[in-house]
Amino acid sequence: MSAPKTEYKKIVCAYSGGLDTSVMIPWLKEHYGAEIITYTGDLGQGEDLSAIRQKAIDTGASEAVVDDLRERFINEFLWPSVKASAIYEGMYPLHTALGRPLLSQRLVEVAIDYGADAIAHGCTAKGNDQVRFEVTAKALAPQMGIIAPLREWELHTREDEVDYAIARNIPIPITKEKPYSIDQNIWGCAIECGEMEELWAEPPSDAWMMTKDPSHVTLETREIILNFEKGVPVGVDGKMMDCIDLLTHLNELAGEYGVGRIDMVENRVVGLKSREVYEAPAATLIHMAHTELERITLDRETFNYKRHLSQDFANIIYDGTWFGPLRDCLQAFVDHSQQTVSGEVRIRLSAGLARITGRRSPFSLYDEGLATYSDGDTFDRSAAKGFIDLFALSYQTVAQARRKQQGE
Ligand code: ARG
């Protein structure tokens, strides 16, 4: 075993209760001779947090801090991402990526509160999450030590970790042959497993956590209405809802219809491509409804400009640079653009499908008088010819010049 590079007295360790972070507790104690405090944030992963706290203590932590971060996660991270229409590479609603800056921020805050000199996380060397945790920590507390045991230790397989845990008599998660690595919160779920590393292979049917197989949906189709205020969902079917209830309700409802399954190959920050399987039932409905509302409430230039900005915003979230200055600047633009994005969108749910059937807003820019082909048309048809003459003028000029140059 290699000697530690730096001495740390007290380390605050991000703890999920899973195998990696359970093994981290004795490993950090042995290799750094430090006192370990664990930190667990509830982002709506649906785990029993008091059991997790007890497990951390039983595994050797001197203190186990647990926070309910759900409201903060939704209001300070998810809603800004909705307003920005932030979807990575056109498919991934970024639930894991959005959770990391908040967890890392709290990790650093707890470390400062407890007088710790380092934080530790259980991310692997190949993933994006290590980048997100560490960039956040460096941006918020540049003096803080950072340890990533999975990049250092010689426990290369799950079996190595289990043996290590058994030898130290620490409780290991009781898993009944569950080959999937799952990261879940209230915005969605990421599922990884060996089988899916083969790009041609369909994800196994038991891999899905939040959505029903669309081919097994027997429910009648139904419509729901999503209500928005200033770019943020506030209610369903006209009933205002608390943000946690709203997301829980939409996850269940869309999940029952098998809506929100995503299977994609994405480009990781660390340079490799990876196959990712996600479920995001509520996020799917909310993003589609939000964009629909922008279609009627934003003018053409702002709507299209914002589509470019959305990609930049998504990349910022994906790359873990949430606490950098560019996100602040883009956020100001986004917030300003959402002043009129209020109203409602009607969606029809059927097996595996969500389809928009109606939209309306007190700030709608849609003018039926201008759009109609029936009676009541207010569009000045005589203005169209002059408009096209000038709009096409430069193309016409090019064509004429080319002809002349070619001596015709
Ligand atoms: N590829 C996704 C991302 O980078 C999901 C990562 C899932 N993380 C995990 N620890 N299982 O955002």
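These figures come from a predicted structure and were not determined experimentally.

Caption draft 1: Fine view of the packing of aromatic side chains. Enumeration over the complete set of coordinates arrives at 12 aromatic pairs. Measuring from centroid to centroid gives 6.2 Å for Tyr-92 and Tyr-318, while their planes differ by 90°, and the two rings are edge-to-face. A residue pair is termed long-range when its members are at least 10 positions apart, and Tyr-92 in the loop between helix H3 (70-83) and helix H4 (95-113) and Tyr-318 in helix H10 (residues 300-319) qualify at 226 residues. Tyr-318 shares its class with Tyr-92; the two are buried.

Caption draft 2: Representation of the pattern of salt bridges in the model. Counted under the stated rule, the structure contains 22 salt bridges. Of the charged contacts, one joins Arg-222 and Asp-237 as a salt bridge, the two residues approaching to 4.0 Å between their closest N and O atoms. Of this pair, Arg-222 sits in strand E8 (residues 222-229) while Asp-237 sits in the loop between strand E9 (232-236) and strand E10 (239-240), and the two are 15 residues apart along the sequence. For Arg-222, a relative accessible area of 33% puts it in the partly exposed group. Glu-223 is paired through a salt bridge with Arg-348; the nearest N and O atoms lie 3.7 Å apart. Here Glu-223, found in strand E8, pairs with Arg-348, found in strand E13 (residues 343-350); they are 125 residues apart in sequence, far enough to count as distant. The class for Glu-223 is partly exposed, based on a relative accessible area of 30%. Within this structure, Arg-100, Asp-129, Arg-132 and Asp-183 form a network of salt bridges that share partners.

Caption draft 3: Looking closely at the environment of His-95. Along the chain, His-95 falls in helix H4. Counting along the chain gives 97 residues from His-95 to Glu-192, while the straight-line C-alpha distance between them is 15 Å. Each residue touching His-95, except ones within four places of it in the same chain, is listed here: Phe-73, Asp-183, Asn-185, Trp-187, Gly-188, Cys-189, Ala-190, Tyr-278 and Glu-279. Of the polar contacts made by the side chain of His-95, one reaches the backbone nitrogen of Cys-189; its length is 3.4 Å.

Caption draft 4: Structural detail: the pairing of strand E6 (residues 181-185). When E6 meets strand E7 (residues 188-192), the two strands line up antiparallel, connected through 5 bridges. Pairing of Asn-185 across the sheet is with Gly-188, part of E7. Linking two consecutive strands that pair antiparallel, namely E6 and E7, is a turn of 2 residues.

Caption draft 5: Main features of the packing of H4 against helix H5 (residues 129-140). The N-to-C vectors of H4 and H5 enclose an angle of 40°; their axes lie 8 Å apart at closest approach. In this view, H4 runs oblique relative to H5, as classed from their interaxial angle. For H4 against H5, the interelement crossing comes out right-handed. Across from Thr-96, Ala-97, Arg-100, Pro-101, Leu-103, Ser-104, Gln-105, Leu-107 and Val-108 in H4, the residues of H5 making contact are Asp-129, Arg-132, Phe-133, Thr-136, Ala-137 and Leu-140.

Caption draft 6: Representation of the pairing of E9 within the structure. Counting buried positions along E9 gives 5 out of 5 residues, so the element sits mostly inside the fold. Bridge analysis of E8 against E9 gives 4 bridges, and the strand direction is antiparallel. Looking at E9, one finds that Phe-228 is bridged to Pro-233. Between E8 and E9, which follow one another and run antiparallel, lie 2 residues, and Lys-230 among them has a positive phi close to 45°. Judged from the 2 bridges that link them, E9 and E10 form a sheet pairing that is antiparallel. The partner of Gly-235 across the bridge, within E10, is Met-240. Once E9 ends, the chain turns through 2 residues before running back antiparallel as E10, passing Asp-237 with a positive phi of about 55°.

Caption draft 7: Spatial organisation of the nonpolar core. Counting residues in each nonpolar core, the largest one holds 78 residues, and the members touching the most others are Trp-79, Leu-94, Leu-226, Leu-247, Leu-285 and Ile-286. Counting residues per element, this core draws most heavily on H4, at 8 residues. Not counting the four nearest positions on each side in its chain, Leu-285 is found in contact with Ile-224, Leu-226, Leu-250, Ala-254, Val-259, Ile-347, Leu-349 and Ala-354. If you look at the next biggest cluster of nonpolar residues, it comprises 28 residues, including Cys-13, Ile-25, Tyr-164 and Ile-170.

Caption draft 8: Representation of the site of the ligand within the structure. Taken together, 13 residues lie around the ligand, and Tyr-92, Asn-128, Arg-132, Glu-266 and Tyr-278 are the ones closest in. The contact in question runs from an oxygen atom of the ligand to an N or O atom on the side chain of Tyr-92, over 2.6 Å. Interatomic distance of 2.7 Å between a side-chain N/O atom of Asn-128 and an oxygen atom of the ligand. For the ligand, the accessible surface in isolation is 340 Å², of which the surrounding protein chains cover 87%. Among the residues making up the shell around the ligand, the classes are represented as 3 nonpolar, 3 polar and 7 charged.

Here is what the cut-offs are and how they apply
- Residues numbered from 1 in each chain as written.
- Predicted model: local features only at pLDDT ≥ 70, side-chain atom pairs only at ≥ 80, totals over all residues.
- Heavy atoms only, no water.
- Phe/Tyr/Trp six-rings, centres within 6.5 Å; stacked < 30°, edge-to-face > 60°.
- Helix = DSSP H or I, 4+ residues; strand = E, 2+ residues; numbered from the N terminus.
- Buried < 20%, exposed > 50% of the residue type's maximum accessible area, 1.4 Å probe, protein only.
- Salt bridge = Lys/Arg side-chain N within 4 Å of Asp/Glu carboxyl O.
- Contact = heavy atoms within 4.5 Å.
- Polar contact = N/O pair within 3.5 Å; in protein donor to acceptor, adjacent residues only side chain to side chain.
- Pairing = 2+ DSSP bridges.
- Axes fitted to C-alpha atoms, helices over the stretch in contact; angles between N-to-C directions.
- Parallel < 35°, antiparallel > 145°, perpendicular 65-115°, else oblique.
- Left-handed = near helix turned anticlockwise from the far one by under 90°.
- Core = buried A, V, L, I, M, F, W, Y, C linked by side-chain atoms within 4.5 Å.
- Near = heavy atom within 4 Å.
- Areas by Shrake-Rupley, 256 points an atom, 1.4 Å probe, with all protein chains shown as cover.
- Nonpolar A, V, L, I, M, F, W, Y, C, P; charged D, E, K, R; others polar.

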